[in-house]
Amino acid sequence: MESALSSILTLVIIAEFVIGNLSNGFIVLINCIDWVSKRQLSSVDKILIFLAISRIGLIWEILVSWFLALHYLAIFVSGTGLRIMIFSWVVSNHFSLWLATILSIFYLLKVASFSSPAFLYLKWRVNQVILMILLGTLVFLFLNLIQINVHIKDWLDRYERNTIWNFSVSGLPTFSVPVKFTMTMFSLTPFTVALISFLLLSFSLWKHLQKMQLNYKGRRDPRTKAHINALKIVISFLLLYASFFLCILISWISELYQNTLIHMLCQTIGVFYPSSHSFLLILGNPKLRQASLLVAAKVWAKR
């Protein structure tokens, strides 16, 4: 039963891997073609390119970790191999999360309307704000890597005291829980920033609708549509990452109680976040949505 379920979940992981690579690769390809043809690219398209690249790296890391944990656990927990896998996960997840958060901030500054001098100052300098936030996140990444490296070193030292390397799967929870706890703590900041962006966008939309009451235009109003489109993108990210975070939390508990099936199931569900969110980004971007429809039409015409 356990082996059969493991095979099924592996097939699901592979399917999510293929879907994630296709959707993120499509974002990179279309924007790069546009960049080469026009010799310039908008800020949002640049964010989408780097976000898609980070998602591709994250999906690859998850797939490799999955197969190593299933078939080559001894290699997975070796000193060098462990650091490579954990650090690659941290880096890809960091940029995937922060770039999605930066996208939320970009939509907030571009779409929302507030009379605050501080907000107007940031709105007029949105590109510089985005760049400074991205550079500032490198501090979080550096601190995160240092903290995780301490956990790895302490965990390896406990096993290397033995004259013979004697690894057992039961030792993994004592290592993975503090590492995942550290990563989660560093993930709360961008998630909170994205949540604040969503609340401010919602408040801005509410204020705009209040002003439009005497001049009914509904969703035909461009500013209202811009607010709604931005909110769709931000809330989809929040909901998907919240489910991803919940899967990580449940996987901790399953590791502590050594429930392998629940742990594998949570990992499988967690991959849905980097794979599916890119599809929503394509649908929410007019250029990418049009390109996807053209590709779909050409594929259908050849059948």
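What counts, and at which threshold
- Residues numbered from 1 in each chain as written.
- Predicted model: local features only at pLDDT ≥ 70, side-chain atom pairs only at ≥ 80, totals over all residues.
- Heavy atoms only, no water.
- Helix = DSSP H or I, 4+ residues; strand = E, 2+ residues; numbered from the N terminus.
- Buried < 20%, exposed > 50% of the residue type's maximum accessible area, 1.4 Å probe, protein only.
- Areas by Shrake-Rupley, 256 points an atom, 1.4 Å probe, with all protein chains shown as cover.
- UniProt positions renumbered as here; feature names shortened; annotations may be inferred.
- Contact = heavy atoms within 4.5 Å.
- Salt bridge = Lys/Arg side-chain N within 4 Å of Asp/Glu carboxyl O.
- Core = buried A, V, L, I, M, F, W, Y, C linked by side-chain atoms within 4.5 Å.
- Expected span 1.5 Å × (residues − 1).
- Axes fitted to C-alpha atoms, helices over the stretch in contact; angles between N-to-C directions.
- Parallel < 35°, antiparallel > 145°, perpendicular 65-115°, else oblique.
- Nonpolar A, V, L, I, M, F, W, Y, C, P; charged D, E, K, R; others polar.
- Phe/Tyr/Trp six-rings, centres within 6.5 Å; stacked < 30°, edge-to-face > 60°.

Here's the deal with the overall build of the protein chain
- When helices and strands are tallied, the protein chain shows 11 helices and zero strands.
- From first element to last, N terminus to C terminus, the protein chain shows the α and β order α-α-α-α-α-α-α-α-α-α-α.
- Within the protein chain, the fraction of its 303 residues that count as buried is 44%.
- For the protein chain, the exposed area adds up to about 16800 Å²; of that, 71% sits on carbon and sulfur atoms.

Observations regarding the UniProt feature "transmembrane region" (unreviewed entry) in the protein chain
- Per the UniProt record, "transmembrane region" (unreviewed entry) is annotated on residues 12-36, 48-74, 86-109, 129-150, 188-209, 230-254 and 260-283.
- Along residues 86-109 one finds 100% helix and 0% strand; the C-alpha atoms at either end are 34 Å apart.
- Strand forms 0% of residues 188-209 and helix 100%; the C-alpha atoms that close the span are 31 Å apart.

Considering the side chain of Glu-61
- The topology assignment puts Glu-61 in helix H2 (residues 43-71).
- Beyond its immediate sequence surroundings of up to four residues, Glu-61 is in contact with Met-85, Ser-88 and Trp-89.

Some remarks on the pattern of salt bridges
- One pass over the full model with this rule turns up three salt bridges.
- The salt bridge involving Asp-34 is made with Lys-287; its shortest N-O contact spans 3.1 Å. Taken together, the residues Asp-34 in helix H1 (residues 2-38) and Lys-287 in helix H11 (residues 286-302) connect sequence positions 253 residues apart.
- Here Asp-34 falls in the buried class, since its relative accessible area comes to 13%.

Examining the nonpolar core
- Ile-27, Leu-103, Ile-130, Leu-201, Phe-237 and Leu-281 are the most contacted members of the largest nonpolar core, which has 66 residues in total.
- The set of elements that each furnish at least two residues to this core consists of H1, H2, helix H4 (79-111), helix H6 (126-160), helix H7 (172-211), helix H8 (222-256), helix H10 (272-284) and H11.
- The element that contributes the greatest number of residues to this core is H4, accounting for 15 residues.
- In this structure Leu-103 touches Val-44, Ile-47, Leu-48, Leu-51, Ile-233 and Leu-281, once residues within four positions along its chain are discounted.

Considering unusual backbone geometry
- At Arg-39, a residue that is not glycine, the phi angle is positive and equals roughly 65°.
- Mapping Arg-39 onto the fold places it in the loop between H1 and H2.

Things to note about H10
- Compared with an ideal rise of 1.5 Å per residue, which puts 13 residues at 18 Å, H10 spans 18 Å between its outermost C-alpha atoms and is within 8% of the ideal.
- Listing the buried residues of H10 in full gives Tyr-273, Pro-274, Ser-275, Ser-276, His-277, Ser-278, Leu-281 and Ile-282.

Some words on the packing of H10 against H11
- For the pair H10 and H11, the least separation of the axes is 5 Å and the interaxial angle reads 100°. Judged by the inter-axis angle, H10 sits roughly perpendicular to H11. Residue-level inspection shows Leu-281, Ile-282, Leu-283 and Gly-284 of H10 in contact with H11, the latter providing Pro-286, Leu-288, Arg-289 and Ser-292.
- Grouping the constituent residues of the contact of H10 with H11 by class yields five nonpolar, two polar and one charged.

Some words on the packing of aromatic side chains
- As enumerated under the stated definition, the model contains 13 aromatic pairs in all.
- Taking 4.8 Å as the distance between ring centres and 85° as the angle between the ring planes, the aromatic pair formed by Phe-17 and Trp-60 counts as edge-to-face. Taken together, the residues Phe-17 in helix H1 and Trp-60 in helix H2 connect sequence positions 43 residues apart.
- When the ring of Phe-203 is compared with that of Trp-206, the centres are 5.9 Å apart and the planes differ by 25°; the resulting orientation is stacked. Remark: Trp-206 and Phe-203 occur in helix H7; sequence separation between them is three residues, near one turn of the helix.

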